[in-house]
Amino acid sequence: MNINYKLSAVDVLDIFYNIPKKKHMNEKLKLIEENYNIVLPSIFKKFMCSSNGILETADIWDYSEESPFYFLYEWIKITISELTKENTEIDNEYFPFIESPVSEWQNLVDDYMMIGNDYAGCIVYFGIRKKDLNMENPPVYMYHEANNITDWKLLYNSLSEYLSVVVCDAVSCECYHTARRVLKDYGWNYDIHKTNSEEIISKYGIVPDNLKKFSSMYRTSNNDWVSWCYDSEKKVLFIFQNKENNMIIYTIYK
């Protein structure tokens, strides 16, 4: 069998060879590196340069477009620009940042490079600690607006896992049908198998134990997961979505 279970997020995006990639992404990333005197993880740069329209409503930012901020400290500066000690309550979460110089903010919270948010509500943000950007595959953290701005929690142990989940969730149309629409526009077949997953697994000789399982950002329990594999001979991509012990398989092919 020619089943590849070790796909990266970039591998999956590259399968959709005829969907145009985001324009000028490489130049934009180089400019960000120069302006902030940083080196972005190569895995992040490869992913962004492979991104295309199926991620239009995904939980990751489009770095080919302008943003008012790229780092948490910039976000905080914008937020407190209209605040003063006199008009801000002492228990306001931003008060410590008002009375402290930027050089001491590291004692309050790490700086994070913002890489995405939940597209629908913009209440959860995802980021990489600035001090981790030199790592090949850094962890990804999340912040929920219901919490204090200093309260960032570990979401995924690696950037590669986060990117894989972003693509899985987008292609399975967990929240939006954007990916399905774009795929069909470019001539891809998109089939959903809700009741015959065992039949599909048997037909293509897929070994479920070989699947690398990721925790979806939209899981309703700790047992929910998403995964993928690719039949290179038949040129079929399989996206697996296991939710509440119900398996749905998406098959995408030309």
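Just so you know, the residues in each chain are numbered from 1, in the order the chain's sequence is written. Totals for whole chains, interfaces and linings use every residue, but because this is a predicted model, local features are given only for residues with pLDDT of at least 70 and side-chain atom pairs only at 80 or more, for both listing and counting. Think of the side-chain values as coming from all heavy atoms in the structure, minus any hydrogens and water.

Student: Describe the sheet that holds strand β3 (residues 124-129), with residues and values.
Tutor: Strand pairing is defined by DSSP finding a minimum of two bridges between the two strands. Going along the chain from the N terminus, every DSSP run of H or I of four or more residues is numbered as a helix, and every run of E of two or more is numbered as a strand. Pairing is antiparallel in the open sheet, where 4 strands are placed in the order β2-β3-β4-β5. If you trace the sheet from one side to the other, it starts and ends with β2 (112-117) and β5 (153-156), each paired once. Taken pair by pair, the neighbouring strands of this sheet meet at an average axis angle of 40°, ignoring direction. Where β2 and β3 come together, 5 bridges link them in antiparallel fashion. Along β3, the bridge assignment pairs Asn-117 with Tyr-125. As a rule, the C-alpha atoms of each element are fitted with a line to give its axis, helices using only the stretch in contact, and angles between N-to-C directions run from 0 to 180 degrees.

Student: Tell me about the sheet that holds strand β8 (residues 236-243), residues and numbers included.
Tutor: Strand order in the open sheet formed by 5 strands is β1-β7-β8-β9-β6, and the pairing between neighbours is antiparallel. Edge positions in the sheet fall to β1 (3-4) and β6 (189-193), since each has one partner strand and no second. Note that β1 and strand β7 (residues 225-231) share 2 bridges and pair antiparallel. When the sheet's bridge partners are listed, Ile-3 is paired in β7 with Asp-231. Each of β6, β7, β8 and β9 (246-253) is contacted by helix α6 (residues 159-171), which is oriented at about 85° to β7, the strand it contacts most. The criterion used for residue contact is that any of the two residues' heavy atoms lie within 4.5 Å. Packed onto the sheet, helix α8 (residues 197-204) meets β1, β6, β7, β8 and β9 and runs at close to 50° relative to β9.

Without other data, these values stay purely geometric and don't point to any function.
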